[in-house]
Every structure is written in C-alpha cells, then in structure tokens.
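# Close look at the chain arrangement
Chain by chain, the residues:
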Amino acid sequence: MQDIGLFEDVKSLINATKSRLAVQVNCELTTLYWEIGHCINVNILSNDRADYGKSIVATLSRQLQNEFGEMGFSEKNLWRMMQFATLFPDKQIVVTLSRQLTWSHVVALLPITDDLKRKFYIEMCRIEHWSVRALRDKINGMLYERTAISRKPESTISAELAEMSHGKISPDLVFQDPYLLGLLGIKDSFSEKDLENAILSELQKFIIEIGSDFAFLARQKRITIDNEDYYIDLLFYHRRLKCLVAIDLKIGPFKAAYKGQMELYLRWLEKYETIEGENKPIGLILCAGKNDEHIELLHLDETNIRVAEYYTVLPERKELERKLQLSIERARNRVLTAQNN
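The structure reproduced in this document is the subject of the present report. (Residues numbered from 1 in each chain as written. Predicted model: local features only at pLDDT ≥ 70, side-chain atom pairs only at ≥ 80, totals over all residues. Heavy atoms only, no water.)

## A word on unusual backbone geometry
Look at the link from Asp177 to Pro178: it is a cis peptide, with omega at 5°. Of note, Pro178 is situated in the loop between α9 (154-165) and β1 (179-180). Of note in this structure, Met142 is not a glycine but carries a positive phi near 55°. With respect to the helices, strands and loops of the structure, Met142 is situated in the loop between α7 (132-140) and α8 (143-146). Given a relative accessible area of 3%, Met142 falls into the buried group. At Lys242, a residue that is not glycine, the phi angle is positive and equals roughly 55°. (Helix = DSSP H or I, 4+ residues; strand = E, 2+ residues; numbered from the N terminus. Buried < 20%, exposed > 50% of the residue type's maximum accessible area, 1.4 Å probe, protein only.)

## Some words on the environment of Leu143
Considering the arrangement of structural elements, one finds Leu143 in helix α8. For the pair Leu143 and Asn77, spaced 66 residues apart in the sequence, the C-alpha separation amounts to 27 Å. When residues no more than four places from it in sequence are discounted, the contact partners of Leu143 are Phe120, Tyr121, Trp130, Lys138 and Gln176. (Contact = heavy atoms within 4.5 Å.)

## Considerations on α7
Listing the buried residues of α7 in full gives Val132, Leu135, Lys138 and Ile139. Summarising the axial view, the buried residues of α7 lie within an arc of 125°, below the 170-degree limit, and thus occupy one face. Opposite the packed face of α7, turned more than 90 degrees from it, sit the exposed residues Arg133 and Asn140. Within two residues after α7, Met142 carries a phi angle of roughly 55°, on the positive side. (Arc of directions from axis to C-beta.)

Here it is, written out as structure tokens:
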C-alpha cells in the first residue's frame, strides 16, 4: 500500500511539472512568433517595393524550413505571425496573452477584425478555459453577436470588457439572444415538457451553450404562495454573477403576461432562497419568438428579467448573421434615441 502511495505522489509531481513546462513552452513559442512577425513587418516597412513583402516572406520561409525543419515556419504561418504582431502591437500584452492562450487559440482569433469582438473572445476564453475547438465553435456560432453586450454602445462594451479582465462580469456578458438549441435534438413538433426533458437529458450540452458558470439546481422547482403552488421550469446558480437564475420555457412567442409570472418567481426566490452575499435573482424567459417593442415597453431590464429566443433548428449562417446585425442596430439606435431625449 505504501508503494502505491509513493508512486501516486511521484506521478503527481511529474504531471504537475509537465503541465508547468507546457505552459512555459507555449508562452515562449507564442512570444517568439510575435517577435518574428514584428521583425518581418519592420523589414517590409523599411522597403518601398510593393512586391517585396510577398517575395521576402516566401524566401524566409524556405530558409527557415531548411535550417530548422517544418517547426511552424510555413509561408502561411509567417503571414499569421505578421498579422499577430500587427493586431497586438504591445509586446507586454502579448506576453500576458501567451500565458493564457495557445498559439492555436491566437490563430483562431486572427480573422476577427473588430477589436472589441476579439477582446470579448479572449476574455471569455480566459475565464471559461475554452479549448481551441470550443473557441472556434463559439466564433462560428456568433456568440458575441448573440450576447447582450454587443447591443450596447462601443464605450460601454469597452468598459465592461475592461471590468471583465479584472474579474468582474455583468449579466450583459452572460446572457444571449438567441440561444442555439439545435444540439438538443428536438423534433419539429414539441411541447414545453419536451423542451425541458431535452435540456435535462443533454444538460452538459445545454450548459456549453449557456455558459460553464451555470450550475443546475432544480427542475420544476415548487414554490407555494398563499396555499397555491407554482413551478419554476429550471433553476440554476451562476457562480460569477453570484445569483440564482430562474428559466421559464415557452414554446410560443413572448406574451406580456409572462412578465408578472416571472416577477412572482423572482420575488419569492429573493425572499426565501437568496442567502447573504448573493445578488438578486435573474429571470430568463426562453421563447420561440418575441417582439422588440413589447420588451422595450415593459422595461424588463428594470425587473431583472431577460427574454431571449431559441432556435431548435439552426438557421443558415447568412440568415442568422442578418437577423443579429439587424437586432444589434435596432438596440443601439434605441440607446442613442434615449440619450438624445
């Protein structure tokens, strides 16, 4: 028994050291790639010939591969290094970034031209520890555009992302609209109970979609008010927001009456379930459709209630992109109108 214990102790020491070495190697490699990209960029800028950049990169790639073997020095990868150095001109930021993300993460981020959007994915990757595959899936699924923060003015987005880098997170960085639930395998015709059952049977996939900080607490949570029973479809706890999240599932479009129902749930949770140090509960009403004017007139944000659509069948990317862009523009216009009044 002692031999087994000794073996496990030594194995733990070896694995811990290997993990630290992997982080250090990644940090050095990512920083090296930035320095190579920066060096090439400076060299190209000092030469006035338009065709110089393409030819020097091709030549340098051949020279490096002859000297060091493959080692990531293909012409394509050298262009990535140059782009990396251009997008992140501050070396100190790169050093910090290299401790948190791998070079493969960086490559996935390079096509993103919007600085705020890129920073959003960097911060989410950091706090949720996404794999490269998860990051690519989130980008392809347009997570940023579906997150509430994208509908705010750029100054607000920048401020909240800065807060996020210091460990603070707002609900606008957590909640999405719409949610993509195609991974649950729900058929064309379904009831609210079917949707609830699908979520619970594929809870891990559902949490991947809504965010890893959500912890499942209960389904059909019974609450009793004046001897009358009510049931909350799903109850979660969000670790970083430090609050309960009640989810109400609807198979049809949003109706104004849903607000009063959710308010009742939230006030009960606040009175009987919230403990000291926690923030007020948040309600999320998931509907098959919604009308923006209804949401605006009901002032739901003032009551900690959020309404979001869900798609059980994923739309074509172009159609999803069109809808999200339209939604973002409308939301930002409403903010500008309110500021001007």
